[in-house]
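Listed below, chain by chain, are the residues.
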Amino acid sequence: MSIDLRSDTVTLPSPAMREAMYQAELGDDVYGEDPTINRLQELAAERTGKEAALFVPSGTMGNAIATLVHAQRGRTVIAGDASHIYNYEAGGPSTLGGSPLRPVPNLSDGMLDLDKLRAELTDESDTHIAPAALVCIENTHNRCGGAVLNQSQIETIANLAHAQGVAVHIDGARIFNAAIALGVPVHELARPVDSLMFCLSKGLSAPVGSMLVGNKEFIRQATRVRKLLGGGMRQAGVLAAAGIIALEQMVERLAEDHKHCKQLAQGLADFPQIEVDPERVATNILIFQLRDSQQQPLTPAKTARFLQLAGKHGVLMGSMGEKAIRAVTHYGIEAEHITSAITGIRRALIDTDIE
Ligand SMILES: *Cc1c(COP(=O)(O)O)cnc(C)c1O
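Quick notes on the rules
Residue positions are given per chain, counting from 1 as you read along its sequence in written order. Local features are withheld for residues below a pLDDT of 70 in this predicted model, meaning they are given only at 70 or higher, and side-chain atom pairs are given and counted only at 80 or more; totals for whole chains, interfaces and linings count all residues. To get the side-chain values, take all heavy atoms of the structure and skip hydrogens and water. Being near a molecule or strand, for a residue, means having at least one of its heavy atoms within 4 Å of it. Polar contact is the term for a pair of N or O atoms within 3.5 Å; when the atoms are in protein, one must be able to donate a hydrogen and the other to accept it, and sequence-neighboring residues count only if both atoms are side-chain atoms. The accessible surface values rely on the Shrake-Rupley method and a 1.4 Å probe; as for residues, cover is taken only from the protein chains in view. Secondary structure is summarised from DSSP: a helix means a run of H or I of at least four residues, a strand means a run of E of at least two, and numbering begins at the N terminus for each. Throughout this entry, Asp, Glu, Lys and Arg are counted as charged residues, while Ala, Val, Leu, Ile, Met, Phe, Trp, Tyr, Cys and Pro are counted as nonpolar. The remaining residues, Gly among them, count as polar. Any residue under 20% of the maximum accessible area for its type is buried, any over 50% is exposed, and the rest in between are partly exposed; the area is computed with a 1.4 Å probe on protein chains only.

**Structural notes on the site of the ligand**
Working step 1: What surrounds the ligand is a group of 13 residues, the closest being G59, T60, D171, R174 and K202.
Working step 2: Here a nitrogen atom of the ligand sits 3.4 Å away from a polar atom, N or O, in the side chain of H84.
Working step 3: K202 has a polar side-chain atom sitting 2.7 Å from an oxygen atom of the ligand.
Working step 4: Computed on the free molecule, the ligand has an accessible area of 380 Å², of which 85% lies beneath the protein chains in the complex.
Working step 5: Breaking the shell around the ligand down by element, the ones donating at least two residues are α3 (59–70) and β7 (195–199).
Working step 6: Broken down by element, the shell around the ligand gets its largest block of residues, three residues, from α3.
Working step 7: Of the residues assigned to the shell around the ligand, the class counts are three nonpolar, five polar and five charged.

**Side note on unusual backbone geometry**
A negative phi holds for most residues other than glycine; trans holds for most peptide bonds.
Working step 1: Cis geometry marks the peptide bond from N139 to T140; its omega dihedral reads 0°.
Working step 2: By secondary structure assignment, the location of T140 is in the loop between β5 (132–138) and α7 (151–163).
Working step 3: Within the chain, Q295 stands out as a residue other than glycine whose phi angle is a positive 65°.
Working step 4: Of note, Q295 is situated in the loop between β10 (285–290) and α13 (300–312).
Working step 5: Phi at D353 is positive, roughly 65°, even though this residue is not glycine.
Working step 6: Structurally, D353 can be placed in the segment after α14 (335–352).
Working step 7: What makes D353 exposed here is its relative accessible area of 51%.

Here is the structure:
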């Protein structure tokens, strides 16, 4: 069987999740009567230190709801130019909410360029310019190789935004990876911001679902927008049951994924054809590039060929842009899988015929 490092979304539910799903007490959640969903929402609010939480079908929907609630039509949503919200969510805020998306450069550590951010925190004084309503932060940062923003970085952004009356949302699809890497609880990372989305379905290994958290009024409005988007589900406590296990049993083990990701990076650093810096691996995402003997990056076609050959040798990875490759560690991947993956990658490098 292949070692699947394409994403932490490929994780399957744990035996305890299957059992909890089977046993889950259910009701109609659109009436607020699913006890398992209610329990998950209380748990999520508690863990993130926010007043309330809402179970949503996906991270993309959670982020879309947050932008629709925070920003009215004609008000801008600011996000990093390498962010998931800007690149991979089908233009949600603009398409659904009529809010122009304004990209601000992401630095390589996932932080936003603060000077550029200041310039985008526009008010209503100039009629030429759409006023800003929301800043989105991504933590951990996917395209920045799982980079982690710490409390003081989050506070810096939040203080700048709040001083202009602009709200702040964290796309925390992997916020628990950030918390584990920093050794601080998620509620510390969430404290400076108005809302946070996190995924149960990635490293936490639940089959489906994400949580949106914020104050009571925010969640009240978010519930209406979830309905608008078709995300009001019925006896979805079968899913929430796995989410409860995710929060109770799957958080601490993320440290193992981080260790395995480092192990992979260190193994790959030995290959001259791979450009990778193991020191930069902070969580469970590794991004690397291929290069030839002249230290030049390989063409997109050659990179794609390598990925295909790695697959033949039993290692599945994904591309990130045209020339970068992403490998993600997760539940079900153990140290011996990493050793095998390094062997498979070595074979694929030989077969790729790199000059
Ligand atoms: C996966 C991801 C999302 C979206 O989550 P889905 O559940 O796949 O819709 C949002 N932001 C980041 C950073 C992600 O990695």
